[in-house]
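Residue-level structural notes
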There are 2 protein chains.
Amino acid sequence: MGVSKTEMFTDLQNEISIISKAFSHPARVTILQYLFKIDSCVCGDLVNEIGLAQPTISQHLKELKHLGLIKGNVEGTSVCYCINHEKWATMKTVMSEFLDQDIPKKNDCC
Amino acid sequence: MGVSKTEMFTDLQNEISIISKAFSHPARVTILQYLFKIDSCVCGDLVNEIGLAQPTISQHLKELKHLGLIKGNVEGTSVCYCINHEKWATMKTVMSEFLDQDIPKKNDCC
DNA sequence: TTTGTTTATCGTAATATTGCAATATACAAA
DNA sequence: TTTGTATATTGCAATATTACGATAAACAAA
């Protein structure tokens, strides 16, 4: 029915999937990479950097902001976005633990 | 229009998003965790482990297999699935590089 | 061959995501 | 106040994802 049955999974399993969903669109990956590259804040030139329309970029920014990975700061008419380094660090811990579960490798029947 | 404009992004940006999409559903996260936990192969008991219907699990397995993260081996009437450790390792490299881009942290206006 | 077991596929319904034109909002400058 | 600029929101269309019943396919055992 198109609905994820979140209640049958653990909080961690849901958290991993929510974080991953944020990275599951190349525009959001590109936004994050650009924010890291610029290092300081960036305003509306994401629209020029990426070839998508302004409302589309705004929507992607909203999702990243809602998840807490970026912060927005109003400066006059423009809005300055930058990475939320604290949130990024905690997110990285969660994802790294998930990615690093492949240490033993005992049996392999395939 | 619901279509990701993949052609305007780099191969790496698209690769990160494709990998992340595989992890963007808690059922697939759970399947992978279970395969790691069991370590050796597993057959149809994923349906019992997770509370989803058999066709749904089969569909999630198909996506993970298509991406190459798991391998399937037919054994009589059942199919034995297990982690593709080589593919997992290369995937981890790509994702780790993306997650580890937050080293400097010079300016922060937000 | 028939029967039971396991997994895959098909078809379809419900919902989510993506994209953008149009418009609204907020504010600086004239 | 008016005008221009930057960003957010609304509304809608196109497409993708998720879920599962029904069914098919593959095979082992009787």
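Since this is a predicted model, take the numbers as computed values, not measurements. (Residues numbered from 1 in each chain as written. Chains lettered and ligands numbered in written order. Predicted model: local features only at pLDDT ≥ 70, side-chain atom pairs only at ≥ 80, totals over all residues. Heavy atoms only, no water.)

1. Describing the interface of chain B and chain A
In this assembly, 52 residues from chain B lie in contact with 51 residues from chain A. In total, chain B and chain A occlude about 4600 Å² of area from one another, counting both sides; carbon and sulfur atoms represent 64% of this. If you look at where chain B meets chain A, you find 4 salt bridges. If you look at where chain B meets chain A, you find 10 residue pairs in polar contact (both at pLDDT 80 or more). Where the side of chain B that touches chain A is concerned, the elements lending two or more residues are helix H1 (11-22), helix H2 (26-38), strand E1 (70-75), strand E2 (78-83) and helix H5 (85-99) of chain B. The element that contributes the greatest number of residues to the side of chain B that touches chain A is H5 of chain B, accounting for 8 residues. By residue class, the composition of the side of chain B that touches chain A is 25 nonpolar, 15 polar and 12 charged. (Contact = heavy atoms within 4.5 Å. Buried area = accessible area lost by both parts, 1.4 Å probe. Salt bridge = Lys/Arg side-chain N within 4 Å of Asp/Glu carboxyl O. Polar contact = N/O pair within 3.5 Å; in protein donor to acceptor, adjacent residues only side chain to side chain. Helix = DSSP H or I, 4+ residues; strand = E, 2+ residues; numbered from the N terminus. Nonpolar A, V, L, I, M, F, W, Y, C, P; charged D, E, K, R; others polar.)

2. Points about the environment of Lys 71 of chain B
Residue and element names in this part refer to chain B. Along the chain, Lys 71 turns up in strand E1. Residue Lys 71 is classed as partly exposed on the basis of its relative accessible area of 23%. C-alpha separation for the pair Lys 71 and Ile 83, spaced 12 residues apart in sequence, amounts to 6.2 Å. (Buried < 20%, exposed > 50% of the residue type's maximum accessible area, 1.4 Å probe, protein only.)

3. A short note on the packing of helix H1 (residues 11-22) of chain A against helix H5 (residues 85-99) of chain A
Angle between the axes and distance between the axes: these two values describe a pair of packed helices. Residue and element names in this part refer to chain A. Closest axis-to-axis distance for the H1/H5 pair is 10 Å, and the angle between their directions is 110°. In terms of their interaxial angle, H1 and H5 are classed as roughly perpendicular. Taken together, the residues of H5 that come into contact with H1 (itself represented by Leu 12, Glu 15, Ile 16, Ile 19 and Ser 20) are Met 91, Val 94, Met 95 and Phe 98. Split into classes, the residues belonging to the contact of H1 with H5 amount to 7 nonpolar, 1 polar and 1 charged. (Axes fitted to C-alpha atoms, helices over the stretch in contact; angles between N-to-C directions. Parallel < 35°, antiparallel > 145°, perpendicular 65-115°, else oblique.)

4. Some points on the pairing of strand E1 (residues 70-75) of chain A
Residues and elements named next belong to chain A. Across 6 bridges, E1 lies against strand E2 (residues 78-83) in antiparallel orientation. Across the sheet, Asn 73 pairs through a bridge with Cys 80, a residue of E2. Between the antiparallel neighbours E1 and E2 lie 2 residues, among them Gly 76 with a positive phi of about 70°. (Pairing = 2+ DSSP bridges.)

5. Details of the packing of aromatic side chains
Residues and elements named next belong to chain A. On inspection of all chains with the given rule, the structure shows 8 aromatic pairs over all chains. Between Phe 23 and Trp 88 the ring centres are 5.9 Å apart and the planes differ by 50°, which places this aromatic pair in the tilted class. Linking Phe 23 in the loop between H1 and helix H2 (26-38) with Trp 88 in helix H5, this pair joins segments that are 65 residues apart in sequence. Note on Phe 23: relative accessible area 0%, which makes it buried. Exposure remark for Trp 88: the relative accessible area of 0% places this residue in the buried category. (Phe/Tyr/Trp six-rings, centres within 6.5 Å; stacked < 30°, edge-to-face > 60°.)

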